Amino acid sequence: MAIKIALVDDHTLFRRALAGLIESDDKYEILFEAESGNQLFDLIDEKGEPDIVLLDVNMPGQDGYTVAGKLRKNNPTVRIIAVTMNDDEPAIIKMIKLGARGYVLKDSEPEELLTALEDVHSKGYYYSDYVSKTMANSINYHTKWDKEASTIEKLTQREINFLELVCHDYSYKDIAERMNVSVRTVDGYRDSLFQKINVRTRVGLVIFAIKNGIVKIV
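A brief structural summary. As the structure is a computational prediction, the values presented were derived from the model and not from experiment.

So, helix H1 (residues 12-23)
Here H1 is twelve residues long and its end C-alpha atoms lie 16 Å apart, about the 16 Å a rise of 1.5 Å per residue gives. Turning to H1, its buried residues number three or more, namely Arg-15, Leu-18, Ala-19 and Ile-22. Take H1 and look down its axis: the buried residues cluster within an arc of 100°, on one side only. Opposite the buried face of H1, by more than 90 degrees, sit the exposed residues Leu-13 and Ala-17. In this structure, the buried residues of H1 make contact with strand S1 (3-8), strand S2 (28-34), strand S3 (52-55) and helix H5 (110-122).

With respect to the sheet that holds strand S6 (residues 126-127)
In spatial order, the strands read S2-S1-S3-S4-S5-S6; together these six strands make up an open sheet with parallel pairing. In this open sheet, the two edge strands, each paired with only one partner strand, are S2 and S6. Direction of pairing for S1 relative to S3: parallel, over a ladder of four bridges. If you follow Ile-5 over to S3, its bridge partner there is Ile-52. Against the sheet, helix H2 (residues 37-47) engages S1 and S2, with an angle of about 130° to S2. Against the sheet, helix H4 (residues 89-97) contacts S3, strand S4 (79-84), strand S5 (100-105) and S6, and its axis sits at roughly 150° relative to S5.

Considering the nonpolar core
Across soluble globular proteins, nonpolar side chains show a tendency to be buried alongside one another. Ranked by internal contacts, the top residues of the largest apolar core, which has 27 residues, are Leu-40, Leu-55, Leu-71 and Met-95. Looking at this core, the elements with two or more residues in it are S1, S2, H2, S3, helix H3 (64-74), S4, H4 and S5. Not counting the four nearest positions on each side in its chain, Leu-40 is found in contact with Val-8, Phe-32, Ala-34, Val-67 and Leu-71. If you look at the next biggest cluster of nonpolar residues, it comprises 21 residues, including Phe-162, Ile-175, Val-186 and Leu-193.

What about the packing of H2 against H3?
It is the contact of H2 with H3, at a shortest axis distance of 10 Å, that shows an interaxial angle of 25°. Relative to H3, H2 is oriented roughly parallel. In the crossing of H2 with H3, the sense of the turn from one axis to the other is right-handed. Here H2 contributes Gly-37, Leu-40, Phe-41 and Ile-44 to the contact with H3, which in turn contributes Val-67, Lys-70 and Leu-71. When the residues that make up the contact of H2 with H3 are grouped by side-chain class, the tally is five nonpolar, one polar and one charged.

Calculation criteria
Per chain, residues are indexed from 1 in the order of the written sequence. This being a predicted model, a pLDDT of at least 70 is required before a residue's local features are given, and a value of 80 or more before pairs of side-chain atoms are given or counted; all residues contribute to the totals for chains, interfaces and linings. Hydrogen atoms and water are omitted, and side-chain values are computed over all heavy atoms in the structure. Secondary structure elements follow DSSP: runs of H or I of four or more residues count as helices, runs of E of two or more count as strands, with numbering from the N terminus. Every helix has an expected span of 1.5 Å times one less than the residues it contains. Partly exposed residues are those whose accessible area sits between 20% and 50% of the maximum for their type, while under 20% is buried and over 50% is exposed, using a 1.4 Å probe and protein chains only. Note that the arc is defined by the directions from the helix axis to the C-beta atoms. Contacts are residue-level and defined by heavy atoms, with any inter-residue pair within 4.5 Å sufficient. Any two strands are treated as partners once DSSP identifies two or more bridges connecting them. An axis is simply a line fitted to the C-alpha atoms; with a helix, the fit covers only the stretch in contact. Between two such axes, the angle follows the N-to-C directions and lies from 0 to 180 degrees. Only buried Ala, Val, Leu, Ile, Met, Phe, Trp, Tyr and Cys residues count toward a nonpolar core, and they belong to the same one when joined by side-chain atoms within 4.5 Å. By the definition adopted for this analysis, an angle is roughly parallel if under 35 degrees, roughly antiparallel if over 145, roughly perpendicular if from 65 to 115, and oblique otherwise. For any pair of crossing helices, the crossing counts as left-handed if the nearer helix is rotated counterclockwise from the farther one by less than a right angle, and right-handed if it is rotated clockwise. When residues are sorted by character, Ala, Val, Leu, Ile, Met, Phe, Trp, Tyr, Cys and Pro go into the nonpolar class, Asp, Glu, Lys and Arg into the charged class, and all the rest, Gly among them, into the polar class.

That is the geometry; function is a separate question.
Following this line, the structure appears as structure tokens:
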């Protein structure tokens, strides 16, 4: 039985070219074409669910993100491959979070699209080297952010107060007076933070405080 494909793209010429490419392989059947998200869901009601939806991200009205979210909720067995010009990290990560099993750029070679269809059908997913690298970068970034968030949770209120003050043009003696403690105690806060945050200088403390929202630059 042929694998049923639905195309969703508001550009008719591109959509027809895509259909022609896919129909060149008799493993696939174009179940229907839609020029909008609304039309997609109307055609699903009329013609049944496709196995795979090739979905443009940038469309007037309901964009690809909205459509992907609705498909994930209402038609969870339908597999989505985003086909788009958007190669930026936020677009890729957002579509994957919304359930896209593949992400293919419109300037890719035709063979890549056919590979994506085959892999999504047989393996359940297809991500090019570019998309895989983007996902890895995102995971690394958020892992680093999570570690810093965990570090903040371990800081005492007095250490946070010290961080707030160290970002101003105060000497350590001034900070001690404002915190109503001895200079030795302030030195203790500083040394403890050096160890917890893994920095060696006051500048490092300031950068950490600003980056993590402890102090805001106005």
